[in-house]
Amino acid sequence: MLRAIAGLERTRPGRVIINGEVWQDEEATGEGRFLPTHRRPVGVVFQEANLFPHLTVRRNLEYGFHRVPITERRVDFSAVVEWLGIEELLPRSPIRLSGGERQRVAIARALLTSPRLLLMDEPLSALDRAAKAEILPYLERLPSELSIPVLYVSHSPDEVAQLADYLVLLEAGRVRAQGPVAELFARPDLPLAHDPTAEALIQAVVESHDEDYHLTWLRFPGGKIAVSRQFHESGTPMQIRIHARDVSLTLAHCEETSILNIFPVTVIRLFDDGPAQVLVHLDAAGQLLLARITRRSAVLLGLIAGKTLYAQVKSVTLMD
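Calculation criteria
Residues numbered from 1 in each chain as written. Predicted model: local features only at pLDDT ≥ 70, side-chain atom pairs only at ≥ 80, totals over all residues. Heavy atoms only, no water. Helix = DSSP H or I, 4+ residues; strand = E, 2+ residues; numbered from the N terminus. Buried < 20%, exposed > 50% of the residue type's maximum accessible area, 1.4 Å probe, protein only. Contact = heavy atoms within 4.5 Å. Areas by Shrake-Rupley, 256 points an atom, 1.4 Å probe, with all protein chains shown as cover. Core = buried A, V, L, I, M, F, W, Y, C linked by side-chain atoms within 4.5 Å. Pairing = 2+ DSSP bridges. Salt bridge = Lys/Arg side-chain N within 4 Å of Asp/Glu carboxyl O.

## Considerations on the overall build of the protein
Working step 1: Per the secondary structure count, the protein includes eight helices and 18 strands.
Working step 2: With respect to the three principal axes, the spread of C-alpha positions in the protein is 65 × 55 × 30 Å.
Working step 3: For the protein, with 320 residues in total, the buried portion stands at 43%.
Working step 4: Nonlocal contacts in the protein, meaning residues at least 24 apart in sequence, comprise 60% of its contacts between residues at least 6 apart.
Working step 5: In the form shown here, the protein has an accessible surface area of approximately 17100 Å², with 50% of it arising from carbon and sulfur atoms.

Put into structure tokens, the structure is as follows:
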């Protein structure tokens, strides 16, 4: 799909329309319309950085930057270098860079072509954990910092949860589902929910801080969630990731427990998740939640669609 959008592959029949502009529109027969690759204002970042080894970092960046007419440049050279923290890398050869540094340079090179759309093909898949952690914050800020939409391909649910707003799930070359990331992550009829690391994404805001116990209380439509002390002002939006394995269910609100995060939920539907487990799809005042429990527990609790009970969340992961 990325290659078709970039104009590297021409399939018939095929249509590619970006922001109302037709880049490809043709039937199985006939010439149709096809905008050549060099006329498509896209930047592409591949799995491998693919930098020119005989050029310094600066000259790698200038290669695309100088090919954009001055009147069409939408991205400033110095601003991109500063934003990606690569100023000290400019005189170096690409072979002297770490994996994370090479990929940051590759992202900068793509941005300096002043693209209207950035295509990223699993840009973190070849990196180790440390290098991924180095680059992720830059990718998170990219759309808002530079106002460039990003089409990001990944097999990593963690990357998708951290970076994406809207998800298109492809399976065997066809669209299996599409919609807001939080909605698709919590749909038990999709493969994401049946992964061992299945999770739900919840939007919350900072409500208050408990200085005595070094906690911060987050408010979401379904209730409140306590996390370790955060240094954000009240009203700051936060995204919470709750793994299905960290949610237990109870028929009554239990006070005598070490779990702080307890709120009412309603069962939407139950799905088999192997011979011994059940995946419970829950509604917390409009926020979707998943709980992975044993089949025996589901029977003992009498779980059916529409039943109201309480979710106990043992731990959460925060994303700014």
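## Here we look at the nonpolar core
Side chains of nonpolar character tend, in soluble globular proteins, to be buried together.
Working step 1: With 34 residues, the main nonpolar core has Leu61, Leu84, Ile86, Val105, Ile107, Leu111 and Leu118 as its most contacted residues.
Working step 2: Taken together, the elements giving at least two residues each to this core come down to helix H2 (57–65), helix H3 (77–83), helix H4 (99–111), strand E5 (117–121) and helix H5 (129–146).
Working step 3: Beyond its immediate stretch of four places on either side in the chain, Val105 contacts Leu51, Val57, Leu61, Ile86, Leu89 and Leu97.
Working step 4: Ranked by size, the runner-up nonpolar core spans 29 residues in total, among them Leu218, Phe220, Val265 and Leu282.

## Remarks on the sheet that holds strand E1 (residues 14–18)
Working step 1: Taking strand neighbours across the sheet as the criterion, the three strands line up as E1-E2-E3 in an open arrangement whose pairing is antiparallel. Lying at the two open borders of the sheet, with one neighbouring strand each, are E1 and strand E3 (33–34).
Working step 2: The pairing of strand E2 (residues 21–26) with E3 spans two bridges and is classified as antiparallel. Bridged to Gln24 within E3 is Phe34.

## Digging into the pattern of salt bridges
Working step 1: This model, assessed by the stated rule, comprises 16 salt bridges.
Working step 2: A salt bridge links Glu26 to Arg10; the nearest nitrogen and oxygen atoms lie 3.0 Å apart. Separated by 16 residues along the polypeptide, Glu26 in strand E2 and Arg10 in the loop between helix H1 (2–6) and E1 bring together distant segments of the chain.
Working step 3: Shared partners join several salt bridges into a network, and the residues in it are Asp158, Glu199 and Arg241.

## Focus on the pairing of strand E17 (residues 308–313)
Working step 1: Pairing of strand E13 (residues 247–250) with E17 involves four bridges; the strand directions are antiparallel. If you follow Leu249 over to E17, its bridge partner there is Ala311.
Working step 2: Examined bridge by bridge, strand E14 (residues 261–272) and E17 share six bridges and lie antiparallel to one another. The partner of Val265 across the bridge, within E17, is Leu309.

## Topic: the environment of Ala193
Working step 1: Mapped onto the elements, Ala193 comes out in the loop between helix H7 (181–185) and strand E9 (199–210).
Working step 2: Residue Ala193 is classed as buried on the basis of its relative accessible area of 0%.
Working step 3: The contact partners of Ala193, leaving out residues within four places of it in the chain, are Phe185, Arg187, Pro188, Ala198, Leu279, Leu290 and Arg292.

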